[in-house]
Amino acid sequence: MSVAAYETIQVEDHAVEGTDARIRVVTIDRPKVLNALDEQVVAELSAVVEATAVEHLAAEGSPPVGGLLITGAGKAFVAGADIAAMAEMSPEQALAFSGKGHALGEMLEALPVATVAAVNGFALGGGCELALACDFIYASEKAKFGQPEVKLAVIPGFGGTQRLLRRVGLARALELCLSGDMIDAAEAHRIGLANRVLSPDELLPAALATLGRIAAQGPVAVAKCKAVLHQGASMPLEQANDLEQQTFASLFATADQREGMAAFLGKRPPQWRGR
Ligand code: CO8
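Right, let's walk through the structure included here. (Residues numbered from 1 in each chain as written. Predicted model: local features only at pLDDT ≥ 70, side-chain atom pairs only at ≥ 80, totals over all residues. Heavy atoms only, no water.)

Observations regarding empty space enclosed by the protein
Taken as a whole and assessed by the stated rule, the structure comprises one cavity of 30 Å³ or more. Quantified by volume, the largest cavity comes out at close to 50 Å³. Every residue along the wall of the largest cavity is listed here: His56, Pro63, Gly66, Pro112, Val113, Ile214, Ala215, Gln217, Pro219 and Val222. Mapped onto the lining of the largest cavity, the elements with two or more residues apiece are helix H8 (200-215) and helix H9 (219-233). Of the residues in the lining of the largest cavity, the class split is seven nonpolar, three polar and no charged. (1 Å grid on protein atoms, 1.4 Å probe; cavity = no way out; pocket = protein on both sides within 12 Å on 5 of 7 lines; lining within 4 Å. Points joined across faces, edges and corners; volume = space filled by probe spheres on them. Helix = DSSP H or I, 4+ residues; strand = E, 2+ residues; numbered from the N terminus. Nonpolar A, V, L, I, M, F, W, Y, C, P; charged D, E, K, R; others polar.)

What follows is the structure in structure tokens.
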């Protein structure tokens, strides 16, 4: 991947010690505006996610990139959509901007590898929404979360209302979205918004280590498991359970299922083929 192709983000592939996995680390890099999201940031993030999906599709065996980590440069993760860029938007422009954010969120959820938001500081408005579009959130002790849009007389527009309510429940989502209050990492952890709270130094190594462990599992199973969880979350239980059952069964047609079980029974490490 060409790092030079991006202006608002940095993209680096990291090897995970003790594994063959490479994890793609995307750092949003507009620290002067606390990494606020404008059209260009959203477009560049979308391009990285799309490129990762295309590489995955083209790969033989284990995927070339086994996970995606999103973080921010400086003291913020992302302090929201760029207010200067939004201030004069018409409803049509706001609809188009929101649409691009939603498309990015959907691409992150559809990506066949795990995604983690490593929230190093402020994750406000669109920043909290970007974190919520990742599979799970690790938070630095310095992280602050919030949906302050009502203070600007708008509402979340990047999936925040719906993903927050599914993550933390209706009443907590209502409290956060209606008050605009910020919460710290400990509170985000307590309500289930952040999976783990880490010291600033431990944040990236811990997130990379988890992605590395995920990348070491059967890649088709990881992709399917992620899809069943995301798709099932917005289905009636009976339909979601049916999706699980069908997907479970379909994996018995893969070479990796044979290999994973044979390796366990043979007391040896598995050699995944990605099919
Ligand atoms: N947009 C533009 N500039 C910003 C933003 C932002 N969201 N946040 C901070 N900045 C700028 C500040 O204007 C300031 O610029 P300058 O140095 O030129 O004055 C610089 O970043 C540093 O910020 P502060 O001086 O304010 O730093 P503090 O440490 O004092 O405060 C805060 C940090 C509390 C994070 C504060 O900056 C703040 O409240 N920021 C705004 C947070 C906010 O309201 N976010 C929600 C925006 S609305 C939204 O996200 C809707 C999403 C819609 C859909 C998106 C689809 C992709």
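On we go.
What about the sheet that holds strand E1 (residues 9-15)?
One open sheet accounts for six strands, arranged E1-E2-E3-E5-E7-E10; its pairing is mixed. This sheet does not close on itself; its edge strands, each paired only once, are E1 and strand E10 (196-198). When the angles between neighbouring strand axes are averaged without regard to direction, this sheet yields 25°. Helix H4 (residues 126-133) contacts strand E2 (22-28), strand E3 (67-72), strand E5 (114-119) and strand E7 (136-140) of the sheet and is inclined by roughly 145° relative to E5. On the sheet, H8 packs against E1, E2, E3, E5, E7 and E10 and is oriented at approximately 155° with respect to E7. (Pairing = 2+ DSSP bridges. Axes fitted to C-alpha atoms, helices over the stretch in contact; angles between N-to-C directions. Contact = heavy atoms within 4.5 Å.)

Let's talk about the packing of helix H1 (residues 39-58) against helix H3 (residues 91-110)
Put simply, H1 and H3 touch, their axes get as near as 10 Å, and they point 25° apart. In terms of orientation, H1 and H3 fall into the roughly parallel class. Judged by the sense of rotation from one axis to the other, the crossing of H1 with H3 is left-handed. Residue-level inspection shows Glu39, Val42, Leu45, Ser46, Val49 and Glu50 of H1 in contact with H3, the latter providing Phe97, Lys100, Gly101, Leu104, Met107 and Leu108. Broken down by class, the residue content of the contact of H1 with H3 amounts to seven nonpolar, two polar and three charged. (Parallel < 35°, antiparallel > 145°, perpendicular 65-115°, else oblique. Left-handed = near helix turned anticlockwise from the far one by under 90°.)

Here we look at unusual backbone geometry
The phi dihedral of Leu34 is positive, around 55°, even though this residue is not glycine. Following the sequence through the fold, Leu34 ends up in the loop between E2 and H1. Using a relative accessible area of 26% as the deciding quantity, one classes Leu34 as partly exposed. Here the phi dihedral of Lys267 falls at roughly 50°; this positive angle occurs in a residue that is not glycine. When you line up the elements, Lys267 lands in the segment after helix H11 (255-265). Judged by relative accessible area, Lys267 falls into the exposed class, the value being 78%. (Buried < 20%, exposed > 50% of the residue type's maximum accessible area, 1.4 Å probe, protein only.)

Brief notes about the pairing of E2
Taking burial as the measure, the seven residues of E2 include six buried ones, the bulk of the element. Sheet analysis places E1 next to E2, joined by seven bridges and oriented antiparallel. Its bridge partner lying in E2, His14 is registered against Ile23. Where E1 folds back on E2, the antiparallel hairpin that results is connected by six residues, among which Gly18 adopts a positive phi of roughly 80°. By the bridge criterion, six bridges tie E2 to E3 in an arrangement that is parallel. Bridge pairing in E3 links Val26 to Ile70.

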